[in-house]
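One-letter residues, chain by chain:
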Number of protein chains: 2
Amino acid sequence: MTTTRDATAPGLARLAGLIADETRAACLLALLDGRAWTAGELARHAGVAASTLSEHLGKLVAGGLLAEERQGRHRYVRLADARVAQLVEELAAQVAPGDAARRPRTLREAGAGAAMARGRTCYDHLAGRLGIAVTDAFTARGLLRQDTGFALTDAGLDWFDRAGIRLVRTGRRPLARACLDWTERRPHLAGVAGAALCRHALDTGWCVRIGSERAVKVTAAGEEALSGLLGIDPVALR
Amino acid sequence: MTTTRDATAPGLARLAGLIADETRAACLLALLDGRAWTAGELARHAGVAASTLSEHLGKLVAGGLLAEERQGRHRYVRLADARVAQLVEELAAQVAPGDAARRPRTLREAGAGAAMARGRTCYDHLAGRLGIAVTDAFTARGLLRQDTGFALTDAGLDWFDRAGIRLVRTGRRPLARACLDWTERRPHLAGVAGAALCRHALDTGWCVRIGSERAVKVTAAGEEALSGLLGIDPVALR
DNA sequence: AGGACGGTTCGGCGGGGACCGAACGGTTCG
DNA sequence: CGAACCGTTCGGTCCCCGCCGAACCGTCCT
């Protein structure tokens, strides 16, 4: 029994090894926006040669972290599923506390940072101050219970129903889940409900994406809707 | 903006790198039992020279994953906190689906495996069939809500109160949290409530540890208590 | 058809890190 | 005090892996 090395260890090491490279880590973080990127975009983003990135993508796909979809001469990749997104998120959140030198270097970086802090998508749900505001409003109105865990209340289910947002349970994914935001350091709504809400917000024009990044902006219609349905002060979102 | 490499990437890669070695992974998994191990025990467990393991421990401690405590000529290490335990758990759970060749090799391995499957600690809470049984009983009795997330109900808070188990909120740790068990593939109760319950169970003799492993056994007193307080059929725990 | 472009494969280079054994310092016990 | 024991430090070896540029293949556009 000495050397009862847990059979899980090799797999765990292999999985962590996929994330343990700075270039691959940068890719995973970029893909946290939930969209599909081409290999070239990722190569430019990470600052390495296309050939290098191609190999990285091969490993990430083989390891099950990414899903790929080939279209013509393009190779699109995205995070394999919500589970992987949660994993990367969680690891990143553990790291964030050590965010030394967090000051922006340039003006446009400052602008982009501010926009991201205001509102963004985190894989498939809302994050940033916007995500926090929504989550807080849910909690304050008794739609979400955070004091004894993290779950929607019956009133919360009603709210989604009345807002015309359908919650479809899929597989084992929880209806509501806390996602720890790494700019706000506070939990916000993720899971099926978070994804449905985000999708609804983008579909109905409550929010729009800014540029091609994952930052989002609340529209005038969105301010009205969020104010009316959840009592969120529009000023807090600007 | 090309090469807008996320500032989090280096930290993420470094963190993952700590887990990306098979020997270190084996240590982390072993430490998931929540107890403190000596360097020598871990070296034997992992099957490497003491000198090698010493370096690994240095890195894990420096990286904040382990906490150390020196006593005489011994160096005890344990997981730094519940957050780290959750991280390792979650990564291991992602790996587990690929549990090919899960058959036990020897009789005693089969015995140990069966005991672990029956009941064990997972860092600081109960897992295995025992953990599932408790969680299911909580849910069936309306003490825990799993359909819309994962949270104790008011009745659940009452139950802990009446059982004389105090729940002390500490820092940001959630009162109730789902931990995905990798033998049962189902969520069970973790967080402050899970830890308090496990501690109470061990303190009052509802359960006892088997040998020096993390497997636990329900005692006669435990069967009575769990049956009386939660309506759990004692036979299901054997 | 021809040229531009996205992605992949391959050879070669370089660095980091996991491992061991030997030697050493501290602690415990006879 | 000396012997056994636990852990650490150090030198040295070896292998893995991330990186690039060049050549190549397939797709898209004109």
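Residues numbered from 1 in each chain as written. Chains lettered and ligands numbered in written order. Predicted model: local features only at pLDDT ≥ 70, side-chain atom pairs only at ≥ 80, totals over all residues. Heavy atoms only, no water.

1. Focus: the relation of the copies chain A and chain B
(1) Moving on: Rotating chain A by 180 degrees and translating it 0.0 Å along the rotation axis places it on chain B, where the RMSD comes to 0.1 Å. These values place the two chain copies in the arrangement generated by a two-fold rotation axis.
(2) Moving on: The residues that chain A uses at the interface reappear at the interface of chain B in 100% of cases, marking a shared surface. (Least-squares fit on C-alpha atoms with pLDDT ≥ 70 in both. Contact = heavy atoms within 4.5 Å.)

2. As for helix α7 (residues 128-140) of chain B
Residues and elements named next belong to chain B.
(1) Moving on: If you check α7, its first and last C-alpha atoms are 18 Å apart, about what 13 residues at 1.5 Å a residue would give, namely 18 Å.
(2) Moving on: Looking only at α7, the buried set comprises G128, L130, G131, I132, A133, V134, T135, A137 and F138.
(3) Moving on: One or two residues past the end of α7 sits G142, with phi positive at roughly 75 degrees. (Helix = DSSP H or I, 4+ residues; strand = E, 2+ residues; numbered from the N terminus. Expected span 1.5 Å × (residues − 1). Buried < 20%, exposed > 50% of the residue type's maximum accessible area, 1.4 Å probe, protein only.)

3. Quick word on the side chain of H200(A)
Residue and element names in this part refer to chain A.
(1) Moving on: Positionally, H200 belongs in helix α9 (residues 191-203).
(2) Moving on: Of the residues examined, H200 reaches a relative accessible area of 18% and is grouped as buried.
(3) Moving on: Setting aside anything within four residues of it in sequence, one finds H200 in contact with A163, I165 and W206.

4. A short note on the sheet that holds strand β3 (residues 74-79) of chain B
Residues and elements named next belong to chain B.
(1) Moving on: Sheet architecture is open: three strands sit in the order β1-β3-β2, paired in antiparallel fashion. Because the sheet does not close on itself, it has two edges, and the strands there are β1 (37-38) and β2 (66-71).
(2) Moving on: Of the strand pairs in this sheet, β2 and β3 are connected by six bridges, and their pairing is antiparallel. Looking at the pairing, Q71 lines up with H74 of β3.
(3) Moving on: Along the sheet face, helix α4 (residues 50-62) touches β2 and β3 and points at about 45 degrees away from the line of β3. (Pairing = 2+ DSSP bridges. Axes fitted to C-alpha atoms, helices over the stretch in contact; angles between N-to-C directions.)

5. Thoughts on the protein's contact with DNA strand D
(1) Moving on: DNA strand D sits among 23 residues. The nearest are H56(A), K59(A), G40(B), S54(B) and R75(B).
(2) Moving on: Contacts to DNA strand D include K59(A), whose side-chain N or O atom sits 2.5 Å from a phosphate oxygen.
(3) Moving on: For the surface near DNA strand D, the secondary structure elements donating two or more residues are α2 (22-31) and α4 (50-62) of chain A together with α3 (39-46), α4 and β3 of chain B.
(4) Moving on: Per-element accounting of the surface near DNA strand D gives the leading share, five residues, to α4(A).
(5) Moving on: Residue composition of the surface near DNA strand D, by class: four nonpolar, ten polar and nine charged. (Near = heavy atom within 4 Å. Polar contact = N/O pair within 3.5 Å; in protein donor to acceptor, adjacent residues only side chain to side chain. Nonpolar A, V, L, I, M, F, W, Y, C, P; charged D, E, K, R; others polar.)

6. Let's talk about the protein's contact with DNA strand C
(1) Moving on: Contacts to DNA strand C come from 23 residues, most closely from G40(A), S54(A), R75(A), H56(B) and K59(B).
(2) Moving on: Here DNA strand C approaches the protein such that, of its atoms within 4 Å, sugar and phosphate make up 71%.
(3) Moving on: A49(B) is positioned with one of its backbone polar atoms (N or O) 3.0 Å from a phosphate oxygen of DNA strand C.
(4) Moving on: T52(B) has a polar side-chain atom sitting 2.9 Å from a phosphate oxygen of DNA strand C.
(5) Moving on: Here the element with the most residues in the surface near DNA strand C is α4(B); it accounts for five residues.
(6) Moving on: Within the surface near DNA strand C, the residues separate by chemical class into four nonpolar, ten polar and nine charged.

7. Considerations on the pattern of salt bridges
(1) Moving on: If you walk through the whole model with that rule in mind, you get 20 salt bridges over all chains.
(2) Moving on: In this structure, R145(A) and D154(B) form a salt bridge, with 2.7 Å as the shortest nitrogen-oxygen distance. Taken together, the positions of R145(A) in strand β6 (residues 144-145) and D154(B) in helix α8 (residues 154-162) put the pair across two chains.
(3) Moving on: Judged by its relative accessible area of 48%, D154(B) falls in the partly exposed class.
(4) Moving on: Residues participating in the shared-partner salt-bridge network are E68(A), R70(A) and R75(A). (Salt bridge = Lys/Arg side-chain N within 4 Å of Asp/Glu carboxyl O.)

8. Brief notes about the interface of chain A and chain B
(1) Moving on: Each partner contributes residues to the interface: chain A has 59 residues there, and chain B has 59 residues.
(2) Moving on: Interface area for chain A against chain B, summed over the two sides, is near 5,000 Å², with a carbon-plus-sulfur share of 59%.
(3) Moving on: Applying the counting criterion to the chain A and chain B interface returns eleven residue pairs in polar contact (both at pLDDT 80 or more).
(4) Moving on: Of all the secondary-structure elements, those providing two or more residues to the side of chain A that touches chain B are α1 (9-19), α2, α3 (39-46), α5 (82-95), β7 (149-152) and α8 (154-163) of chain A.
(5) Moving on: Residue contributions to the side of chain A that touches chain B peak at eleven residues, all from α5(A). (Buried area = accessible area lost by both parts, 1.4 Å probe.)

Fair warning: the whole summary comes from geometry, so function is off the table for now.
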